[in-house]
Every structure is written in structure tokens, then in C-alpha cells.
Amino acid sequence: MHIRIAMLGYGNVARALARLLLRKTDILQKDYDLTFSVTGIATRSRGYAINPDGLDLEAALQVVDSGGKLDTLHRGEPVSDTLSFIDACPADAIMEATWLDPQTGQPATDYARAALRGGRHFITANKGPVAYAYRELSELARQQDRGFFFESTVMDGAPVLGIGREALLATTVQRIRGILNSTTNYILTCMEDGISLDAAVAQAQQIGVVESEPGTDIDGWDAAVKIVVLANVLMGADLRPGDVDCTGIAELSIADVQGALKAGERYKLLCEAAREGDTIQASVKPVRLPLSDPLSQIGRTSSAVTFETDTLHHLTVVEGDTDPTTTAFGMLVDMINIARGRYR
Ligand SMILES: NC(=O)c1ccc[n+]([C@@H]2O[C@H](COP(=O)([O-])OP(=O)(O)OC[C@H]3O[C@@H](n4cnc5c(N)ncnc54)[C@H](OP(=O)(O)O)[C@@H]3O)[C@@H](O)[C@H]2O)c1
């Protein structure tokens, strides 16, 4: 099978995906009889490139790395915006790794609608479309007989959503607990060592753990969006990030964090979704966890999720050492699964 891919965004994740596709070309062909071409790339400030015969991915990486514009690789009529690009690019699958407005899930949700309505598979690393429009987009994908996959939206490429689809069959998930935001986890680990929140943020920015604007991490919003994704996809909830009872870590002091540690506990920004009767309640809160709780052992930039289900009582997935390539890996797995028809 040959799959034509259009990429939305060519930032850290999408460029890591391009490199991963190049690195895995042979194994995709050998193990899955799968070949690919990238027929288009869309960006916000570096232009648009479409080539129905397939772009030279190495050349596209060089153009962006050297600060150039992708338009130099474009063939055909000029493209003015990303929705027109989705319409114009001859592609079977759109792989999206653009920006997220955490308050609205846009513009990526509109890109997902346009792609699926146009009969393309939609693969995203962006939490927005899943947190704000999971049911609608899943139904649209079903009607169009296309895949809507998003493994990388929570815990990068770790298969926490694939577990639900492929492994937790005939199972009711009763509760999900997780450490889902690595920035706040890193900060809390630093505070245990007596480093203030502000100094820990600066340290995290210096080593590239956190983006320049860490506000949505510290106030718990990023974690809230992620627990909504898990609850909606794995528990059948229909929550939005605003439904989450959310408190960040801004009010915690070094004394709080070290006091917990002296008492044999650790402060963690705990994300939780629990079935209560017919409803599902979700929260994000700084919580003191006993050291016997596996989630208390998740340090620095690692993340973890525990599923409590009616079949497997406690299942915990832990992920460490993440980078844009681990996120890109989730998108690659989504692409393979869609090519294998796993979306039906
Ligand atoms: N970084 C990670 O490890 C990670 C992990 C999990 C999920 N994610 C998610 O993956 C997505 C991408 O993250 P990233 O780290 O790759 O971000 P990034 O480096 O900032 O790249 C974003 C890319 O999207 C492009 N873009 C922005 N708005 C666009 C638009 N309207 N149309 C077309 N392209 C647009 C940008 O264009 P310019 O190049 O012109 O700026 C850039 O190429 C985000 O949603 C993020 O939440 C990232």
C-alpha cells in the first residue's frame, strides 16, 4: 500500500516525524508493505509546499533548518492558508502537529473537520481536537470510513490510548489517575531539593523542558486537557476542559513540598477521572501521595498513568526520556495502524 501524507506544521514534532519516516522507510516496506510520500507541508510563517509527486523531505528539512521558506519547493497554484492547503494537497492522510489554543482547541479542530470531510485520514499530536470535539470527529471519521487517531496527545508516543483500542477489550475503566504534565512534575521535583518555583521554571526553560510560556502548565490547564482526552476516549465521557475541577501548583511553597516529603509523602499534580454512578468526574490537583503509591515515584520529566478497570485491577504505564521523536513515534504508529485498517 502507498500512503500520501500531508503534514500540517513543520516544527519540532513534525520535523522529528519527517526524520523518523526517513529512518523507518525500509522497515515500513519490509514489515507492513507500506510505502509513503509526503505530498505537502503547511506552516504558519515558513510557507506552504505541495508536490503531487512527493516532496524531498531532506530538502524540506534543510530549507527550514537554514531559515528558508518552503514555497521554494512548491509546485502549482499558490496556497493562501491552511484550510485551502488541506483542500488542495493530494493526500490520503493529514498528519497534524500545529499550535494549540488550549481554551478553544482551534484552529486544529477545524483542520480535522476539513480533512475528514474531504475523505482524508486525520492523525494529530494536538490535544485540541480530541479534548473539544472527540465525539463529533469520531462520528465524522466513521461516516467517511476514515481514521481519526491521536496517540501522541497524551504521554507522547507511549501507547496509553492504543491500550484502550487494542487491549482493554470488553472492559470498563472505572478510574484513571495520572501524572500527565512533565513541566509541573519537574518543578515539584526541584522544589523537593529546595529550589523555588520561579527558579525551577527558569531551570526547566534553560534545559528545554518547558516552553517560553509555562502558564498553562503551572495552572493545571494542560493537565486538564489531557485528563479530558483520556476520560472521553477510554471512559466514554463527554467532558470539556472547563468541566475539570482544576487547581495548579502556583500556591505550593518549598515548605509544603518538603514538609510532605518529611512525612513520607510527595506532592504530585494528580490528574484523575472517576466513574461516579452515571457520571464521570475529572480533577487536576496537587495531592500528597504516600511513597507506596507508584505515581509518587514518577520524578522529573517522566509521566505515568494508572488505569483501574473491572478486568485488570491496576495497570500502570510509565514513560521517561521524552523528546519530539517520542511524540513523532506515536504519529508513526497511528499511520501504520490506519494503513492496516485498524480504524474500522
Ligand atoms: N513537543 C512535544 O514533544 C509534544 C508532545 C506532545 C504533543 N505535542 C503537540 O504537538 C504539536 C506541535 O508541537 P511542536 O513542539 O512541534 O510545536 P512547534 O515546534 O511550535 O511547531 C508548530 C508548527 O506548527 C506550525 N503552525 C502553527 N500554526 C499553524 C497554522 N495555522 N497552519 C499551519 N501550520 C501552523 C508552525 O509554523 P512555523 O514553523 O511557521 O512557526 C510550526 O511549524 C502541538 O500541538 C503540541 O501540543 C508536542
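Source: prediction; values computed, not measured.

Novice: Can you help me understand the site of the ligand in this one?
Specialist: With respect to spatial proximity, 21 residues lie near the ligand, and among them V13, R44, S45, T82 and T98 are the closest. Here R44 contributes a side-chain N or O atom positioned 2.7 Å from an oxygen atom of the ligand. R46 places a side-chain nitrogen or oxygen 3.1 Å from an oxygen atom of the ligand. Computed on the free molecule, the ligand has an accessible area of 900 Å², of which 78% lies beneath the protein chains in the complex. For the shell around the ligand, a count of residues per class yields 7 nonpolar, 10 polar and 4 charged.

Novice: When you look at the domain arrangement of the chain in this model, what are you seeing that I'm missing?
Specialist: Size of an interface, as often reported, equals the accessible area lost when the parts are brought together. Domain annotation for the chain reports domain 1 (2-156 + 324-339) and domain 2 (166-319). With 14 residues of domain 1 at the contact, the number on the domain 2 side is 23 residues. Between domain 1 and domain 2 the total buried area reaches about 1,500 Å² when both faces are included, carbon and sulfur atoms providing 66% of it. There are 2 salt bridges connecting domain 1 and domain 2.

Novice: What's the story with the packing of helix α7 (residues 182-192) against helix α8 (residues 197-206) in this structure? I'm lost.
Specialist: Where α7 contacts α8, the two axes come as close as 9 Å, and the packing angle between them is 125°. With respect to α8, the element α7 is oriented oblique. Relative to α8, the crossing made by α7 is right-handed. On α8, the residues that touch Y186, I187, C190 and M191 of α7 are L197, A200, V201, Q203 and A204. Of the residues assigned to the contact of α7 with α8, the class counts are 8 nonpolar, 1 polar and no charged.

Rules of the game
Residues numbered from 1 in each chain as written. Predicted model: local features only at pLDDT ≥ 70, side-chain atom pairs only at ≥ 80, totals over all residues. Heavy atoms only, no water. Near = heavy atom within 4 Å. Polar contact = N/O pair within 3.5 Å; in protein donor to acceptor, adjacent residues only side chain to side chain. Areas by Shrake-Rupley, 256 points an atom, 1.4 Å probe, with all protein chains shown as cover. Nonpolar A, V, L, I, M, F, W, Y, C, P; charged D, E, K, R; others polar. Domains from an automatic or database assignment. Contact = heavy atoms within 4.5 Å. Buried area = accessible area lost by both parts, 1.4 Å probe. Salt bridge = Lys/Arg side-chain N within 4 Å of Asp/Glu carboxyl O. Axes fitted to C-alpha atoms, helices over the stretch in contact; angles between N-to-C directions. Helix = DSSP H or I, 4+ residues; strand = E, 2+ residues; numbered from the N terminus. Parallel < 35°, antiparallel > 145°, perpendicular 65-115°, else oblique. Left-handed = near helix turned anticlockwise from the far one by under 90°.

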